[in-house]
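Reading the structure
Spelled out from the first residue to the last, the chains are:
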Amino acid sequence: MKKLRVIILFFPVLFCSCFPLSIDREIEVDDTQDWLYIGGYIEKTNISKSKSELTPPFNLYWQFDADGGLSRNCLSISDAILFASTLNGEAFAIDVLTGKSLGRINTMGRSSFSTPLIFDNHIIIASSGQKDSRLFSYSLLRGAISWQKNIGWVESSPVLDGENIFISSIDGKLHKVNAASGNLFWSKRPGGKDSYMNSFFTSPTIFGNKIFIGGNDQNMYAADTATGNEIWKFRTGGAIFCDASANEGKVYFGSDDKNFYCVDTSGHLVWKKDINTKSLSSSTFFENSVITAGVNGVLYSFDKNTGDINWKFATLGTISSSPLLQGNNIFIGSYDKNFYCIDAATGKELWRYATEGRIRTSAVIWKDYIFVAGDDKYIYCFSDKDFIKSSSGSFEK
């Protein structure tokens, strides 16, 4: 558990167009319960770290106008501070107890598809949309950039393994960067010269000493975390735009060939299932099942060892977000503008909330709070607990 002291910050000229980020209390980062980067874990299992028992129905406590679009993966949280990046090139810090902004920063790009990575007293974000797009670390303590690297156009999120960041870029490269110093260890192109036309729109997944990442050249790659060198590649029949999820020595992912795959960490096919739809979602795991979603708006539960379907749940819109497991519940949003809670064992709908916009963003949970974002540019906060709004504007149990 690490303690951070964050004081009122005054931005340098680079950030003069933004409201100053003001966090004037000591906060604690606890990686056993905080959602520090995309997928929650380096294996991208999308399993909530909250120890709370959350039972529907859920109450809406607040909604926050982010004043910009929100990508499929854009939320992280630590010690009652929610961080969110937007497609108009800003990142917000939001007080969970009040739903009010603590300030925002400019990500130095036209947009950011990146989940803010929380490391020590920094948030690390990738910006996109112009030639000088970069990966940068912003110090919450000093209110200034600690380091920055131009690694090309990025539409993925950084993943933290120990003190090292792994991130991919659209030019088909993987990068390993030290989170504290910004030192670039290597930039490698899996597949070498043969893959020069490949692009990565997916984020790295790590299991053991291997990085797994799918490309639009139809390959799922495994690369070495130490060197970045390709270990193997597994060819599918279509481009891969969903992040892989790893569990118990198996890697699960969908392809634009409309199949859902399970391969082992040596690159051998275990099973594949024709689901007649493309995939944008990574997966989660409940007991002996792997749960994922298709762009056809259907949530699938498979036996993770055989690929047999346990159940299906159909929404009325596309699903681009990843399912989030909390206890026995699955949380997921759909382009039908509904945010759902589904029983992970049976696929039965337990609760839904209708928003004003399509929901493309993956939900995150911190303690008693559930967060999701929609195309109406709002971030929503829910809980099953009874809260009363105090005179100060915060919620009290």
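What you see is a predicted model, and the numbers here were worked out from it, not measured in a lab.

Basis of the calculations
Residues numbered from 1 in each chain as written. Predicted model: local features only at pLDDT ≥ 70, side-chain atom pairs only at ≥ 80, totals over all residues. Heavy atoms only, no water. Salt bridge = Lys/Arg side-chain N within 4 Å of Asp/Glu carboxyl O. Helix = DSSP H or I, 4+ residues; strand = E, 2+ residues; numbered from the N terminus. Buried < 20%, exposed > 50% of the residue type's maximum accessible area, 1.4 Å probe, protein only. Core = buried A, V, L, I, M, F, W, Y, C linked by side-chain atoms within 4.5 Å. Contact = heavy atoms within 4.5 Å. Lys, Arg positive; Asp, Glu negative; His and termini not counted. Phe/Tyr/Trp six-rings, centres within 6.5 Å; stacked < 30°, edge-to-face > 60°. Pairing = 2+ DSSP bridges. Axes fitted to C-alpha atoms, helices over the stretch in contact; angles between N-to-C directions.

Applying the stated criterion to the full structure yields eight salt bridges. With a shortest N-O distance of 3.1 Å, Glu248 and Lys304 are connected by a salt bridge. Taken as a pair, Glu248 in the loop between β20 (245–247) and β21 (250–254) and Lys304 in the loop between β26 (298–303) and β27 (309–314) lie far apart in primary sequence, 56 residues in all. You can call Lys304 buried: its relative accessible area is 6%. In this structure, Arg352 and Glu349 form a salt bridge, with 2.8 Å as the shortest nitrogen-oxygen distance.

What follows is about the nonpolar core. Ranked by size, the top nonpolar core spans 41 residues in total, and within it Ile124, Leu135 and Ile165 carry the most contacts. Element by element, the count of residues in this core is highest for strand β9 (residues 122–126), at four residues. Not counting the four nearest positions on each side in its chain, Ile124 is found in contact with Thr115, Pro116, Leu117, Phe119, Leu135, Phe136, Ser137, Trp147, Pro158, Ile165 and Ala179.

So, about the side chain of Asp343. Counting through the fold element by element, Asp343 comes out in strand β30 (residues 338–343). Here Asp343 is buried and forms no salt bridge, its nearest opposite-charge partner Lys348 lying at an N-O distance of 7.5 Å. Those residues in contact with Asp343 that sit more than four places away from it in its chain are Trp311, Asn328, Lys348 and Leu350.

Moving on: the packing of aromatic side chains. In the structure shown here, the tally under the stated rule is 29 aromatic pairs. Ring centres of Phe64 and Phe92 lie 5.2 Å apart, and the angle between their planes is 75°; this geometry places the pair in the edge-to-face category. Note that Phe64 is positioned in strand β3 (residues 59–65) and Phe92 in strand β6 (residues 90–95), a separation of 28 residues in sequence. Like Phe92, Phe64 is buried. Aromatic pair Tyr380 and Phe382: ring centres 6.2 Å apart, planes at 15°, arrangement stacked. Classification of Tyr380 as buried rests on a relative accessible area of 3%. Residue Phe382 is classed as buried on the basis of its relative accessible area, which comes to 1%. Among the aromatic residues, those joined into a ring-pair cluster are Phe58, Phe331, Phe339, Trp351, Tyr353, Tyr378, Tyr380 and Phe382.

Take the pairing of β21 next. Most of β21 sits inside the fold, with four of its five residues counted as buried. Across three bridges, β20 lies against β21 in antiparallel orientation. The residue of β21 that forms the bridge with Ala246 is Val251. With antiparallel pairing between neighbouring strands as the criterion, β20 and β21 make up a hairpin whose turn holds two residues, including Glu248 at a positive phi of roughly 50°. The pairing of β21 with strand β22 (residues 259–264) spans five bridges and is classified as antiparallel. Residue pairing across strands places Gly254 opposite Phe260, the latter belonging to β22. The turn linking β21 back onto β22 is made up of four residues, and Lys258 within it adopts a positive phi angle of 75°.

Turning our eyes to something else, we now look at the sheet that holds strand β32 (residues 364–366). One open sheet holds the four strands; their spatial order is β3-β34-β33-β32, and the pairing between them is antiparallel. If you trace the sheet from one side to the other, it starts and ends with β3 and β32, each paired once. Ignoring strand direction, the axes of neighbouring strands in this sheet form an average angle of 25°.

With that settled, consider unusual backbone geometry. What is expected of a backbone is that most residues other than glycine have negative phi and most peptide bonds are trans. The linkage connecting Pro56 with the following residue, Pro57, adopts the cis geometry, with an omega of 10°. Mapped onto the elements of the fold, Pro57 is located in the loop between β2 (26–29) and β3. For Gln218, which is not glycine, the phi torsion reads 85° and is therefore positive. By the element assignment, Gln218 lies in the loop between β17 (210–214) and β18 (219–224). The exposure class assigned to Gln218 is partly exposed, which follows from its relative accessible area of 25%.

Turning to the sheet that holds β18, a few remarks are in order. If you trace the four strands from one edge of the open sheet to the other, you get β16-β17-β18-β19, paired in antiparallel fashion. A strand with exactly one partner marks an edge of an open sheet, and here the two such strands are β16 (205–207) and β19 (230–235). The mean inter-strand angle of the sheet, taken between neighbouring strand axes irrespective of direction, is 20°. Direction of pairing for β17 relative to β18: antiparallel, over a ladder of five bridges. Note on β18: the bridge partner recorded for Ile213 is Tyr221.

So, on to the environment of Leu299. Mapped onto the elements of the fold, Leu299 is located in strand β26. Residues Leu299 and Lys312 lie 13 residues apart in sequence; the distance between their C-alpha atoms is 5.6 Å. Filtering out sequence-adjacent residues up to four positions away, Leu299 remains in contact with Ile291, Thr292, Ala293, Trp311, Lys312, Phe313, Pro323, Ile330, Ile332 and Ile342.

As a further point, take the pairing of strand β29 (residues 329–333). Of all five residues in β29, five are buried; the element is thus mostly enclosed. Neither face of β29 is open: one carries Asn329, Phe331 and Gly333, the other Ile330 and Ile332, and all of them are buried. When strand β28 (residues 324–326) meets β29, the two strands line up antiparallel, connected through three bridges. Each residue of the ladder has a partner; that of Leu325, found in β29, is Ile330. Relative to β30, β29 runs antiparallel, the two being bridged by five bridges.

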